[in-house]
Amino acid sequence: LARIQTNSVVMMLRELYPDLCFEIAVAMSTTGDKILDTALSKIGEKSLFTKELESALERNEVDLVVHSLKDLPTSLPPGFTIGAVCKRENPLDAVVFHPKNFGKTLSLLPEKSVIGTSSLRRAAQLKKKFPHLEFKDIRGNLNTRLKKLDEKEDFSAIILAAAGLKRMGWENRIGQLLGPEDCLYAVGQGALAVEVRAKDQEILNMVSALHDADTVLCCIAERAFMKRLEGGCSVPVAVNTLLKDDQLYLTGAVYSLDGSDSLKETMQTGVSYPHQNEDGPNDDVQHVGITAKNVPGQAQEAAENLGVELASLLLSKGAKHILSVARQLSDAR
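Every value quoted in this text rests on a predicted model; they were computed, and no experiment measured them. (Residues numbered from 1 in each chain as written. Predicted model: local features only at pLDDT ≥ 70, side-chain atom pairs only at ≥ 80, totals over all residues. Heavy atoms only, no water.)

## Quick word on helix H5 (residues 120-129)
Counting buried positions along H5 gives 7 out of 10 residues, so the element sits mostly inside the fold. Along H5, the positions that sit buried rather than exposed are Leu-120, Arg-121, Arg-122, Ala-123, Ala-124, Gln-125 and Leu-126. Two to three positions downstream of the cap, the backbone nitrogen of Arg-121 sits 3.2 Å from a side-chain oxygen, assigning the N-cap of H5 to Ser-119. (Buried < 20%, exposed > 50% of the residue type's maximum accessible area, 1.4 Å probe, protein only. Helix = DSSP H or I, 4+ residues; strand = E, 2+ residues; numbered from the N terminus. Polar contact = N/O pair within 3.5 Å; in protein donor to acceptor, adjacent residues only side chain to side chain.)

So this is what it looks like as structure tokens:
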């Protein structure tokens, strides 16, 4: 999947810059790829899928790195920035069923059916919605997880991001799409990010052409929400964003591990601002790690403030307690 995502970004760059040569020079495994027998929430490393790639960027071995945006921490190491956020694929979660359950939905699965997911966020929401089901960790890349599902009887279904399945050309495996009423998605889910060296103006200018303005604003709001909550892999934090008629709507939620305790709120803000061409250092202002020169700065500020305000509202209602208990229980598991 990482290779397919990188190829898709390179293809877009080749179309925009036919005179330049783009070489996919490095394919490497990250900590998150190597440790497959432990839940993501237990590994305790904030940059599970990014650290090794950022080291190559720092050593000038590569000029840009393609990530799933949801894998990138809300605070990047000094010297790096997200130079492009590409148009978002479907951000929803999808259910892939064991062949024997083909045609069913989660609500129609028998009592005590086991669902595989490595995400505390998914498990917390779905335990509450489907109390008759059981949830167990499943790790590995998409190929590995689908193989575990199909060739063994351990799982009745697994939950994956719809975007990854679509990029792999496996859309036909999606048995059920989980809408916001069933499962809010992860911060940044479905969007690709291009990480570059913050001071490399030439590369930054080049990749900024890939920014999708709507996706940028949605993801800034989501990342600001997560950052204010100090959320991450070890706690269930979820979002849903909608940009319609120049209004950005952000729904954010926090959950206890079993989903019994939760807080969810929605806020909105206007994001219709003219683009002001200002030369100078203001061009390179980062909003939760994203540098988007071709998206109006005031709109980015409004999106960031929306995320912060929504998180502050949840914190005022007791989100900190829910998250700290979830974190402690997750650490103790």
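## Observations regarding the domain arrangement of the protein
Splitting the protein by domain gives domain 1 (1-90 + 187-332) and domain 2 (93-177). Listed as interface residues are 32 residues of domain 1 and, on the opposing side, 21 residues of domain 2. Here domain 1 meets domain 2 over a buried area of about 2000 Å², counting both sides, of which 58% is carbon and sulfur. At the junction of domain 1 and domain 2, the tally comes to 1 salt bridge. In this structure, Lys-166 engages Glu-89 in a salt bridge whose closest nitrogen and oxygen atoms are separated by 3.6 Å. For the interface between domain 1 and domain 2, the tally reads 5 residue pairs in polar contact (both at pLDDT 80 or more). Broken down by secondary-structure element, the contributors of at least two residues to the side of domain 1 that touches domain 2 are helix H1 (2-16), helix H3 (40-43) and strand S9 (237-244). Ranked by the residues each element gives to the side of domain 1 that touches domain 2, the list is headed by H3, at 3 residues. (Domains from an automatic or database assignment. Contact = heavy atoms within 4.5 Å. Buried area = accessible area lost by both parts, 1.4 Å probe. Salt bridge = Lys/Arg side-chain N within 4 Å of Asp/Glu carboxyl O.)

## Thoughts on the side chain of Thr-241
Here Thr-241 lies in strand S9. Engagement of the side chain of Thr-241 in a polar contact is seen with the side chain of Glu-222, the distance being 2.6 Å. Excluding anything up to four places from it in sequence, Thr-241 contacts Arg-88, Tyr-185, Cys-218, Glu-222, Tyr-249 and Leu-250.

## Considering the confidence of the model for the protein
Confidence in the prediction of the protein, expressed as mean pLDDT, is 90, and 90% of residues score 70 or more. In this model, residues 43-47 is a region of pLDDT below 50 whose contacts with residues beyond four sequence positions or in other chains number 7 contacts. (pLDDT = per-residue confidence, 0-100.)

## Structural notes on the side chain of His-211
With respect to the helices and strands, His-211 occurs in the loop between helix H8 (201-207) and helix H9 (213-229). Among the polar contacts listed, one links the side chain of His-211 to the backbone oxygen of Thr-291, at a separation of 2.9 Å.

## Things to note about unusual backbone geometry
Here Asn-60, not a glycine, exhibits a phi torsion of approximately 65 degrees, which is positive. One can find Asn-60 in the loop between helix H4 (51-58) and strand S1 (65-68). Classification of Asn-60 by relative accessible area gives exposed; the value is 54%. The phi torsion at Asp-246 lies on the positive side, around 65 degrees, for a residue other than glycine. Here Asp-246 lies in the loop between S9 and strand S10 (247-255). For Asp-246, a relative accessible area of 46% puts it in the partly exposed group.

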